[in-house]
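# Observations on the model geometry
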Amino acid sequence: MMTVAEKMTAAESKVTAEQLAVFGGVPLFSEPLHVGQPVLPDREQLLADFDAVMRSGQLTNHGPMVREFESTVARLSNVRHCIATCNATIALQIVARAMGLTGEVIMPAFTFIATAHAMEWIGLTPVFADVDPATHTLDADSAEACITSRTSAILPVHLWGNVCRPEQFTSMCKRHRLRLLFDSSHAFGCQSNNVPTGAFGDAEVFSFHATKFIHAFEGGAIVTNDDQLADRCRRLRAFGISGLTEVSDIGTNGKMHELSAAAGLRSIKSMPAILTANTDNRRAYAEICDVVSGLSLTPVPRGNFSNNQYLVLTVDEHRFGLGRDQLVSILRAEGVFARSYFAPGCHRSEPYRSDSTGRHVPVPLPVSEHLLKSVLQLPTGMAVSVGQIRQIGRLIASLHRTCHQIQRLWSLCDGRVKFHSADAAATRSPAPPVPAFREAG
Ligand code: T4K
């Protein structure tokens, strides 16, 4: 039986491949570190806010907390209207309906499935274009090549908080008379050339899901400077009702409730501290990439200010010595719950992959295909310390040093070490060690 101190030493010094948890060694972290672990607000303060909501008796239907949340988000985004919703997926649907979109909507193939499903759910056809290799956001030329007489809108995504070049898409949409809607789920608090996200295009949509930079447990928001569009979104968010009884539209129930708004407001108060932690963490991860060949950190585009909520690494298998899926499996076994968002890609997910008409994928997607196989996201946020990132750095450096040994052991395991291949089973705890390995070796 190892003592706690011995266990810690063993976990800290992964000098040889045999010491890796994936081959039966002691995991580096006994409590897994996650991508997107929510930043919890101060409990006392949040409970006091909840108590105020309860005492007011107004639990939902656009009460004072939601109104304050909306005005705060609008102010921070420098935009006239904010329409808070129960999540970003519903927000995308509401705004697409409010814009009167029809036919096809062009979006990146490399995004969370909600971008596509939100459109498909309301009878629109998602059309997937490729992304830029440096920023991972929608490639303007590829998007333009997808435009047909059926296209009604372009839906770029500020992926990882990297703000798409708005002027490029604005002029393209003007030229082709299309609506421009940004999926800004990752980009609350980000800026492009000192302009905050929120006022680009006809409208933008933020997500305030628990895993996001700023969260309301669940939540979303539509932001726009278009007065008419905002009015229509407000109506569609609440059943299409205008006034007390009159129904003027087919609406849904997309409202945010008061407790969510209270949590969102608390989260916004922590924004400076979260930004500092994310920036420090980014710096610590950048130091790892500086010294380990074959790993690169997705850069923040020039002129952008990022909330740094996602730390995205690209693995060059040839130079690093291990493939992305292999690295994710090894890290997870060590308690570093890396993700491989958004493999296998929207175009390879149902119902789009089985559609035989080809209408979803009219252009080649080489960059998306490459990124879907080579990028991973590492834990960050306030739940992860710079010290822990340095431990991850030492581990990764040692993986690179011992990659040949790892590959040899891996092949000896003869399939007992499972390659991580998709994030479907991602919420499971780290893979159990492979006890039979040493017999094989
Ligand atoms: N567009 C884009 C580009 C998006 O990325 C998203 C959502 C949307 C639209 C739609 O936004 P919403 O309709 O959700 O507002 C997450 C989120 O569910 C989803 O909001 C997000 N994007 C997507 C990228 O990721 P997972 O698969 O990461 O969630 P999960 O449950 O695996 O959580 C990650 C880790 O965080 C867990 O391993 C443990 C920890 N965690 C998570 C939650 C929810 C906690 O500790 N506590 C928690 O409450 O999906």
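### Some thoughts on the overall build of the protein
- Counting its secondary structure elements, the protein contains 16 helices and 17 strands.
- Against the compact-globule benchmark of 22 Å for 441 residues, the protein has a radius of gyration of 23 Å, which places it among compact chains.
- Referenced to the eigenvectors of the C-alpha coordinate spread, the extents of the protein come out at roughly 75 × 55 × 35 Å.
- A total of 441 residues make up the protein; the buried ones form 54% of that total.

### A short note on the pattern of salt bridges
- According to the stated counting rule, one finds 19 salt bridges in the structure shown.
- Among the salt bridges present, the one from D202 reaches R179, with a minimum N-O distance of 3.2 Å. Taken as a pair, D202 in the loop between β8 (195-196) and β9 (203-207) and R179 in strand β6 (residues 179-183) lie far apart in primary sequence, 23 residues in all.
- Ionic pairing is found between D231 and R234, a salt bridge with its closest N-O pair at 3.7 Å. Here D231 and its partner R234 are both found in helix α8 (residues 227-237), three residues apart, which amounts to about one turn of the helix.
- Exposure remark for R234: the relative accessible area of 27% places this residue in the partly exposed category.

### Quick notes on the site of the ligand
- Near the ligand there are 26 residues, and of these T89, D183, H186, S207 and Y341 occur at the shortest range.
- The backbone of V35 places a nitrogen or oxygen atom 3.5 Å from an oxygen atom of the ligand.
- Contact between the ligand and K212: a nitrogen atom at 3.0 Å from a side-chain N or O atom of the residue.
- Taken by itself the ligand offers 910 Å² of open surface, and the protein chains cover 78% of this.
- Taken together, the residues of the shell around the ligand break down into nine nonpolar, 14 polar and three charged.
- Each of two domains, domain 1 (4-37 + 271-427) and domain 2 (43-269), supplies a minimum of three residues to the shell around the ligand.

### A short note on the packing of aromatic side chains
- In total, this model carries 15 aromatic pairs according to the counting rule given.
- Between F188 and F206 the ring centres are 5.0 Å apart and the planes differ by 80 degrees, which places this aromatic pair in the edge-to-face class. Separated by 18 residues along the polypeptide, F188 in the loop between β6 and β7 (191-192) and F206 in strand β9 bring together distant segments of the chain.
- Taking the relative accessible area as the measure of exposure, F188 reaches 4% and is therefore buried.
- Centre to centre, the rings of F188 and F208 are 5.2 Å apart; their planes meet at 75 degrees, and the pair counts as edge-to-face. Of this pair, F188 sits in the loop between β6 and β7 while F208 is found in the loop between β9 and β10 (220-224), placing the two residues 20 residues apart along the sequence. Of the two residues, F188 and F208, neither departs from the other in class, the shared state being buried.
- Taken together, F110, F112, W160, Y310, Y341 and F342 form an aromatic cluster joined through their ring pairs.
- The residue whose ring lies beneath R332 is F337, and the NZ or CZ to ring-centre distance is 4.5 Å.

The rules behind these values
Position numbers for residues count from 1 along each chain, tracking the sequence in the order it is written. Local features in this predicted model are restricted to residues of pLDDT 70 or higher, and side-chain atom pairs are both shown and tallied only at a pLDDT of 80 or more, whereas totals for entire chains, interfaces and linings draw on every residue. Side-chain calculation: all heavy atoms of the structure are included, whereas hydrogens and water are not. Labels follow the DSSP assignment, with helices taken as runs of H or I lasting at least four residues and strands as runs of E lasting at least two, numbered in each case from the N terminus. C-alpha atoms define the radius of gyration, and 2.2 Å times the number of residues to the power 0.38 defines the globule rule. Between buried and exposed lies partly exposed: a residue is buried under 20% and exposed over 50% of the maximum accessible area for its type, with that area taken using a 1.4 Å probe on protein chains only. When a carboxyl oxygen of Asp or Glu lies within 4 Å of a side-chain nitrogen of Lys or Arg, that pair is called a salt bridge. Here a residue counts as near a molecule or strand whenever at least one of its heavy atoms sits within 4 Å of it. A 3.5 Å cut-off defines polar contacts: any pair of N or O atoms within that distance qualifies, except that in protein one atom must be a possible hydrogen donor and the other a possible acceptor, and neighbouring residues in sequence count only when both atoms are side-chain atoms. Areas reported here follow the Shrake-Rupley algorithm with a probe of radius 1.4 Å; residue values treat only the protein chains shown as occluding. Three residue categories are used. Nonpolar comprises Ala, Val, Leu, Ile, Met, Phe, Trp, Tyr, Cys and Pro, charged comprises Asp, Glu, Lys and Arg, and polar comprises the others, including Gly. Where each domain starts and ends follows an automatic or database-derived domain assignment. Working definition: a ring pair exists when centres of Phe, Tyr or Trp rings (six-membered ring for Trp) sit within 6.5 Å. Plane angles under 30 degrees give stacked, over 60 give edge-to-face, the rest tilted. Whether a charge sits over a ring comes down to the Lys NZ or Arg CZ being within 6 Å of the ring centre and within 35 degrees of the ring normal.

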